[in-house]
Amino acid sequence: MIESLLVANRGEIARRIIRTGRRLGIRTIAVHSEADDGLPFVTEADEAVCVGPANPAQSYRNVEAILDAARSTGAQAIHPGYGFLSENADFARTVEGAGLIWVGPGADAITAMGDKINARNLMAAAGVPVAPGTTEPASDLDAAVAAAAEIGYPVMVKAAAGGGGMGMGVAADEAALRTEYDKVRAFAERMFGDGSVLIERYFPRVRHVEVQILGLADGRVVALGERECSVQRRNQKLVEESPSPAVSPELRERFLAAAVRAGEAVNYRNAGTVECLLDPATQEFFFLEMNTRLQVEHPVTEYVYGVDLVEEQLRVAAGLAPTFDPDALTPRGHAIELRINAEDPKRFLPGPGAITTWNEPSGAGVRVDSGYVAGNTVTPFYDSLMAKLILTGDTREEAVQRARAAVAQFEIAGPKCNLPFFAELLENEEFLSGDYDTGIVSRMR
C-alpha cells in the first residue's frame, strides 16, 4: 500500500481522503492556500504546506507549487480529489513523470473523455447510446444553426471542454440559438481556454442518472450501481440518491452494462462516473459525459455497496486487488446526499461569511462530510459547498425520514445556507413519490 499521500485539494474532500489515509496508516500531506490556513483538513493532516495565495490559479492549480510540496515532504503519491486539477491530463502526466503515483485514471483516458465531442464519438463506437448531436464542433454560428435544424429543436448548446453543469444553454428556436451560441462560446473560452461548442438534442423532461465505475488494477472494469442526480439548480446537483427510484432491475442491467463498455473503451483505471440522461417516458438513456475522477456524491454508493471508494482508489493506484469480490457486488438499502452550500435557499446565490454556529446532526443512518467548523470562514474564492449530509436506511422512506430529522438538527449560522430548501424538498410530494425530473427545483420556485 501507498505509504505517504499528498492531497491536492481542499475542504470536505481533502478531509475525507485524509480520514481514509489515517485509517490505512498512510502519512497524509495537505496543501492549502493562505485563505484556508486553519481549516480542519489542514490541521488534521500529518503535514501541511502552504502553496500560495487565495487565487486557485496561484495555489490549488499551481502545478509547480504542488510538486514542490510533494518533493519537500517526501510524498509517494498524489490524490487530486475533484475539481481543480483532478481532470487535468497534463498534471497527471507531470505527476507520473516526477516518479510519483497518480491516484486517478491514466492521462490518456482523461484526455479521451475530456473533450465532449470526442467522448460522444468514442461512446457511440463502443455501443453506448448517445443523444442526437454533432460529431464535430460547430465551427461557427452558421454551422450551429445548420446542425440544430437537422437535429430538431429544442437543442442543448454545450462547451466541448466543459463539465459539472458548466458551459451549457438551451435554445428553443433559431433566435435563442444565436444568443446561446455566442454566450456558451465566450464562457468556454474564458473558463476552459477552448471555445469549441457542440449541439445536442434537448429533452425537456429528463432525469439525470449516473453509474459509478471502477477500473481495477487487473484491467477489469466493474460498475457499482447508479445514482439519481435530478435535483439540480443551474444544471448543478443539489441532491443525489442511490439506487435511483426511476430505475427498474431490467433498466439497471442496461445502464451498468453500458457504463462498463464505456470504461473498457478507454482502458479505464481507478474511479470514474458515466453520466447519462434518462427519458422517463420511453426508458431510453443517452450518454452525457464521463467524469474521470471521484464524484462529490460518492458516499451514497459507498453505503449501498459497502465499500470505501477512496481506499479502492488507493489500492488500484498501488496495483492491488480490491477489498470486495468484483463478481459478487450486491446493493443494500438506500442512501441520500444533500449538498449543504453557503448560498441563499431561494435564488441559490452565494453567501460566504464567518461561521458563528456549526452543530452537526448525528445518530443512526447519519453521516456528515464537512469542510468547516465553528470559527472558520467560508470565503468567496472557492465553491460554496460547506458539507455533505448523507442519510441512509433500509428503504428510501427511512432515509427520507432521517433526512428530515437531520436537516432540522443541523445548525449553521453566519454564512447563508440552503438548509431551508432541503426542509421544503423533503416535504415535496413530487420528490417523495420518486417520480421527479431535472425540472423539480424550478417548479418549486
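Because the structure is predicted, anything quoted here is derived from the model rather than measured. (Residues numbered from 1 in each chain as written. Predicted model: local features only at pLDDT ≥ 70, side-chain atom pairs only at ≥ 80, totals over all residues. Heavy atoms only, no water.)

Novice: What am I meant to see in the side chain of D369 here?
Specialist: Position of D369 among the secondary structure elements: in strand β17 (residues 366-370). Take D369: its relative accessible area is 2%, and that puts it in the buried class. Within the local environment of D369, its side chain forms a polar contact with the side chain of R19, the two groups lying 3.5 Å apart. Polar contacts involving the side chain of D369 include one to the side chain of R367, which spans 2.9 Å. With near-sequence residues (within four places) excluded, D369 lies in contact with E12, R16, R19, P299, A387, K388 and I390. (Helix = DSSP H or I, 4+ residues; strand = E, 2+ residues; numbered from the N terminus. Buried < 20%, exposed > 50% of the residue type's maximum accessible area, 1.4 Å probe, protein only. Polar contact = N/O pair within 3.5 Å; in protein donor to acceptor, adjacent residues only side chain to side chain. Contact = heavy atoms within 4.5 Å.)

Novice: When you look at the sheet that holds strand β5 (residues 101-102) in this model, what are you seeing that I'm missing?
Specialist: Note: strands within a sheet are paired through backbone hydrogen bonds, in either parallel or antiparallel orientation. With parallel pairing, the 5 strands of this open sheet are ordered in space as β3-β2-β1-β4-β5. Of all the strands in the sheet, the pair left with one neighbour each is β3 (47-52) and β5. The sheet contact formed by strand β2 (residues 27-33) and β3 spans 5 bridges and is parallel. Bridge pairing in β3 links I29 to E47. Along the sheet, helix α1 (residues 11-23) contacts β1 (4-7), β2 and β4 (77-79); its crossing angle with β1, the most-contacted strand, is approximately 175 degrees. (Pairing = 2+ DSSP bridges. Axes fitted to C-alpha atoms, helices over the stretch in contact; angles between N-to-C directions.)

Novice: Quick question: what am I supposed to make of helix α11 (residues 309-317) here?
Specialist: Helical geometry: 3.6 residues make up each α-helical turn, so side chains three or four residues apart lie on a common side. Counting buried residues in α11 gives 7 out of 9 residues, a clear majority hidden from the surface. Among the residues of α11, those classed as buried are L309, V310, E311, E312, Q313, L314 and V316. Its side-chain oxygen at 3.0 Å from the backbone nitrogen of V310, D308 defines the N-terminal cap of α11. Directly after α11, the chain includes G319, whose backbone phi takes a positive value near 80 degrees.

Novice: How should the packing of aromatic side chains be read in this particular structure?
Specialist: The geometry of an aromatic ring pair is captured by two quantities: the separation of the ring centres and the angle between the planes. For the structure on display, the rule yields 12 aromatic pairs. Relative to Y436, the ring of F431 has its centre 5.2 Å away and its plane inclined at 40 degrees; by these criteria the two rings are tilted. For the pair shown, F431 and Y436 are each scored as buried. Put simply, the rings of Y60, F84, F381 and Y382 touch in pairs and so form one group of aromatic residues. (Phe/Tyr/Trp six-rings, centres within 6.5 Å; stacked < 30°, edge-to-face > 60°.)

Novice: Where do I start with the pattern of salt bridges in this structure?
Specialist: Under the criterion given, the structure shown has 41 salt bridges. Put simply, K237 and E297 hold a salt bridge, and the shortest N to O gap is 2.8 Å. Within this pair, whereas K237 is found in strand β11 (residues 236-242), its partner E297 is found in the loop between β13 (284-291) and α10 (298-305), the two being separated by 60 residues in sequence. Accessibility expressed as a relative area gives 1% for E297, which makes it buried. Between R339 and E240 there is a salt bridge; the shortest N-O distance is 2.7 Å. Of this pair, R339 sits in strand β14 (residues 334-341) while E240 sits in strand β11, and the two are 99 residues apart along the sequence. Overall, R339 belongs to the buried group, its relative accessible area being 13%. (Salt bridge = Lys/Arg side-chain N within 4 Å of Asp/Glu carboxyl O.)

Novice: Would you explain the packing of helix α4 (residues 89-97) against helix α5 (residues 107-114) in this entry?
Specialist: Geometry of a packed helix pair, given as the angle between the helix axes and the separation of the axes. Contact pair α4 / α5: the axes reach a minimum separation of 8 Å and the direction vectors enclose 175 degrees. Classed by the angle they form, the pair α4 and α5 counts as roughly antiparallel. Residue-level contacts link A89, A92 and R93 of α4 to A107, D108, I110 and T111 of α5. Class assignment of the residues belonging to the contact of α4 with α5 gives a composition of 4 nonpolar, 1 polar and 2 charged. (Parallel < 35°, antiparallel > 145°, perpendicular 65-115°, else oblique. Nonpolar A, V, L, I, M, F, W, Y, C, P; charged D, E, K, R; others polar.)

Novice: Hey, could you run me through the nonpolar core in this one?
Specialist: In summary, soluble globular proteins display a tendency toward joint burial of nonpolar side chains. In terms of nonpolar packing, the biggest core is built from 72 residues, with V231, L338 and I340 touching the most fellow members. With residues near it in sequence (within four places) discarded, I340 still touches S384, L385, M386, A387, L389, F410, I412, C417, N418, L419 and F422. Counting 28 residues, the second-largest nonpolar core is a separate cluster that includes A112, A223, V260 and L278. (Core = buried A, V, L, I, M, F, W, Y, C linked by side-chain atoms within 4.5 Å.)

Novice: Can you walk me through the environment of Y305 in this structure?
Specialist: One can find Y305 in helix α10. Taking C-alpha positions, Y305 is 9.0 Å from G333, a pair spaced 28 residues apart along the chain. If we ignore the near neighbours within four places in the chain, the residues touching Y305 are L224, G225, L329, T330 and P331.

Novice: Just to check I follow, could you spell out unusual backbone geometry for this structure?
Specialist: In this model, Y153 is joined to P154 through a cis peptide bond whose omega is 0 degrees. With respect to the secondary-structure elements, P154 resides in the loop between α7 (141-151) and β6 (155-163). Cis geometry marks the peptide bond from S242 to P243; its omega dihedral reads 0 degrees. Even without being a glycine, N235 presents a positive backbone phi close to 65 degrees. At N270, a position not held by glycine, the phi torsion is positive, near 80 degrees. With respect to the element layout, N270 can be found in strand β12 (residues 270-279). Overall, the relative accessible area of 1% leaves N270 in the buried class.

Novice: Help me understand the pairing of β13, please; the structure alone is not making it clear to me.
Specialist: Residues in a regular strand point their side chains to alternate faces of the sheet. Of all the 8 residues making up β13, 7 are buried; the element is thus mostly covered by neighbouring parts of the structure. With 7 bridges joining them, β12 and β13 adopt antiparallel strand pairing. Among the inter-strand pairings, T273 is bridged to a residue of β13, identified as N291. Between β12 and the antiparallel strand that follows it, β13, lie 4 residues; Q283 among them carries a positive phi value of about 65 degrees.

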